[in-house]
Amino acid sequence: MRDHAVIAGVGFTEATSPRRQELSKNELCRLAVDRALEHAGCDRRDIDVVIIGDIAGFEASSVAARTIAPALGLPPYTTVLPICTGGTTGGHLPNQAAALIRAGFAQRVLCVAPNTFDGPVDLQAVINTNSPMVMEQPLGMGAVHMGAFFPAAYQERYGVTDADFELLATKNRENADHNPFAHVTSALSAEHAARMVSTPLRLGMVCPVSSGAIALVVGAESVVGGQAGHPVARITAAQSISDGYLGGKRRDFSTFEVVEVMARRAYREAQVVDPRSEFDVVELFNPYAPMEFMLMEAFGLCPYGGAPELLRKGVTRYGGDLPVNLSGGIQCTNPGVAGQISPVAHIATQLMGQATARQVEGARRGLAHSTGGTFFQFHTATVLERVDL
Amino acid sequence: MTPDLYVVGSAWRTVGDDTDLQLDELVFECCSAALRDAGVRRHQIGLAITSSLDLYDARSISNALTAPAAAGYLNDELRVEGDASAALLVALAGLAGGAVDFAIVAGIHVPEIGGLAERAVRRLDQHVSSYTFDAHLDRPVGMTSSVTLGLHAAERIDAGQARFEELAAATAAEITRGAARRGTRPAVTAAEVAAAPMAVAPLTELMLPAASAGVGAVVLAAGVSARRCPRPRARIAGWGSATAPATANPGWLADPGAATAVARTRAYAMAGLDHPAEQVGSVELTDLSPALSAEIRSALDLDGLDAPRINRSGGVRANYPGIANGLLRVVETLDNLADDHGGVAVVHAADDLCGLVSSTVNVLVLEGV
Amino acid sequence: MSETSTAALIHDVRWEIDYRVRLGRAWSRFMRGLRDRKLLASTCDHCDRTYLPPQSYCEACYEPITRWQECEPVGTLRTATIVYQGFDGGPQAPYAVGAIEIDGTHSLLMHFVGGVDLSDVDAARKALRGGVRVRAVWADERTAAITDIAHFAVAPAQP
């Protein structure tokens, strides 16, 4: 049976640093799954497919889905689908669940986004291997340095100042103060936040390494919609886009060029005509704070170069008419694959009227994004709409 | 209603030491051949799904390198870490759900270890398999994919359900049959199989899958878009999927065909196969050891199928390109359908990242067009 | 039982695999060119896009590439970042990395940018603005690797 796909249940675990995490990866995923199933009013015996994301090399076991799935208490022979696309892995999980449900291949899909970063002794060294081997890695390009290229070019092109970036990072930390699942909050010391990492990125603009897991129950609307006991979030667009391999393929670092292409497809699919007025709430993947400005522009939420002004006017803050990253975003909490799925998870709870952070009253439609790969080669977009059943 | 989905083109390339191509160049070569075979241009493709593993490709997020080569540039793209048949099912979902009209699936298994001889490839695959097993309970005690096959075969021989000489004879027949097709091993006798170096007792090296390197691609399409292609190869009439139990559950050893049976039930119901042994013209199995063959065949409800219809390509003991195996089984099945001038064929594919443990099995029913 | 703690145990887990990676047609030729102080690009037969680093196929129009050309190692800096906090196994910080459009190409080459005093952040950022012209400085010892170019110098150096 083909049907619309809806997110009926969301399960978060409290984020902390990997050092302070007391649960094993399997235990943490199980906890997130239990919460998501309970939230959806769904019995684990009814799950058809479980989709589990990982990032190879970050974990003690290759294809971590193999070791995590047996810990979830699912029925025998439940199909396990392991997905790995680097930094968009988490964003792909709900999108792929929607594909299976829309195709009629499954009625209830469990998405599990584990805490990817708990394993490595030296995480940064592992993440740095993500820059293209042979051609670009020998040039001292680690993750944060790839991340710095974009805001550097953006600043230069649009005259955006370091102060604009700092204002943005502060806004997100204040948002995180209201999110019980956030890791870094405005308790971060100003001195620490000001340290230059790679121009123009300062430590306060760079995400922490977090531990936490997130699970979603995605189901056929007519099957799971009535069981949840709360509004559900219909996935009305599920898109991804893949750019060329080398960083040099980006051409113009002052914008996320391919996001503009993906956004057009997502809006076509979800019948969004004027994104600025049609979204009530937005979560954009921002491991480096300035990305939020650049993504707002590529998603057509404001003109190119116009995002800082929206922040200064309060439009993207809580209470503004286009709040962005009310969760605090990835800048405040980044547990790997769980971080990548978190924009979708936070938007879903907003549309259910059960926001994890501050609730946008009457929120009906939201946009969630994730990105990753070398020089942000991959992006995903998910448009979600509230359905009352 | 079963969605109307087709394989409209395919390409397979077994990769040897003589290649001078980088991994993405191999993928481009194979995927562009599949598109030519389909009579489809890259810009018609809406979805590119890849099956690969960073640990074979020696690169972090290796699909970053291969996606543009697999027609994924500016496309919806996804990498599945499992047998290529799982990637194929994901692509089918995109078609069946109406998201796209054409999709391409690539299976990539070209370990970056300098040499691609069978032993070298198997050594890496087993190394990676050990890393896939649980780091605290299974890996420290030497569990790998091949070890699960050895455990199973030993149990069946001890229980009198299999005989070493029969396993050797069946293996020799398959390898010899495969040598005339895409097999990577030369023809052998049963005595040679029996006398080959012991790998995981009681299985000799030749009884293990013929580890090889290869890249495969298939182009899939929906409905009229498919039927308007110049040479639609097969209609995908049914599919099913299931994952086998984990290490601690005795089921993987006691009944390794159980996940196959679950997947088969769904696939046959969708395809309307009610007397499979009479309706099926050929089957390509992923029976990872000769001691498994009978159990997998029963699980597919194909006990009565004539021997010449089973693993006509020689199966996995003739050529086993690891994670890309599912696509090779599909490509061989397309050849079987062509040889039979149509009819119905079954593909059985299962990943062996952990051997029989927690293996995801996919069963496809293909109809000649 | 001597162990009575209920705190979570920690196991050390290590992966170790040795690889030998084949660079293939395009990158092998490119790297050998660098060894001979030649900067080689490839141009798509079908759409005329010129790639540097070169490639043997065009992902945009999906056609094979067979045309090659040598480029003057001169280009325009599109953007740069100055790394003050590096990483283990990486170069000694501070260092600057730039995205360089070599004249006549349709892609960007990533490389070190040298010839600028990095001790003053603001001055260095001004010196490494987009639009600045740069020229390759070849390494004395070349091994067919991307680092056969030592860096691109902002003040045009003699080749």
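Note that the structure is predicted; figures quoted are calculated from it, not measured.

Turning our attention to the domain arrangement of chain B. All names here are of chain B. Split into domains, chain B comes out as domain 1 (5-113 + 212-227) and domain 2 (129-211 + 237-369). Relative placement of domain 1 and domain 2: their C-alpha centres are 23 Å apart. Each partner contributes to the interface: domain 1 provides 31 residues, whereas domain 2 provides 28 residues. On the domain 1 side of the contact with domain 2, Trp-12, Asp-83 and Ser-212 bury the most area, a combined 32% of that side's loss. Between the two partners, domain 1 and domain 2, sit 0 salt bridges. For the pair domain 1 and domain 2, the interface holds 8 residue pairs in polar contact (both at pLDDT 80 or more). When residues of the side of domain 1 that touches domain 2 are traced back to their parent elements, those giving at least two are β1 (5-15), α2 (54-57), α4 (84-96), β4 (102-109) and β7 (213-222). Per element, the largest residue contribution to the side of domain 1 that touches domain 2 is 7 residues, and it comes from β1. Classifying every residue of the side of domain 1 that touches domain 2 gives 18 nonpolar, 11 polar and 2 charged.

Let us look at the pattern of salt bridges. As a working rule, side chains carrying opposite charge can pair if their charged atoms are close by. Residue and element names in this part refer to chain B. Summed over the entire model, instances satisfying the criterion amount to 53 salt bridges over all chains. For Glu-295, the salt bridge identified is with Arg-156, shortest N-O distance 2.8 Å. Linking Glu-295 in helix α13 (residues 293-299) with Arg-156 in helix α6 (residues 145-158), this pair joins segments that are 139 residues apart in sequence. Taking relative accessible area as the criterion, Arg-156 reaches 5% and is therefore assigned buried. Where Asp-306 meets Arg-309, a salt bridge forms, and the shortest distance between an N and an O atom there is 4.0 Å.

All names here are of chain A. Of all 5 residues making up strand β2 (residues 49-53), 5 are buried, and the element is well covered by its neighbours. When β2 meets strand β4 (residues 108-113), the two strands line up parallel, connected through 4 bridges. Across the sheet, residue Ile-51 finds its bridge partner in β4, namely Cys-111. Here β2 runs beside strand β3 (residues 79-83); their pairing, made up of 5 bridges, is parallel. Counted as the bridge partner of Ile-51 is Leu-81 from β3.

Calculation rules
- Residues numbered from 1 in each chain as written.
- Chains lettered and ligands numbered in written order.
- Predicted model: local features only at pLDDT ≥ 70, side-chain atom pairs only at ≥ 80, totals over all residues.
- Heavy atoms only, no water.
- Domains from an automatic or database assignment.
- Contact = heavy atoms within 4.5 Å.
- Buried area = accessible area lost by both parts, 1.4 Å probe.
- Salt bridge = Lys/Arg side-chain N within 4 Å of Asp/Glu carboxyl O.
- Polar contact = N/O pair within 3.5 Å; in protein donor to acceptor, adjacent residues only side chain to side chain.
- Helix = DSSP H or I, 4+ residues; strand = E, 2+ residues; numbered from the N terminus.
- Nonpolar A, V, L, I, M, F, W, Y, C, P; charged D, E, K, R; others polar.
- Buried < 20%, exposed > 50% of the residue type's maximum accessible area, 1.4 Å probe, protein only.
- Pairing = 2+ DSSP bridges.

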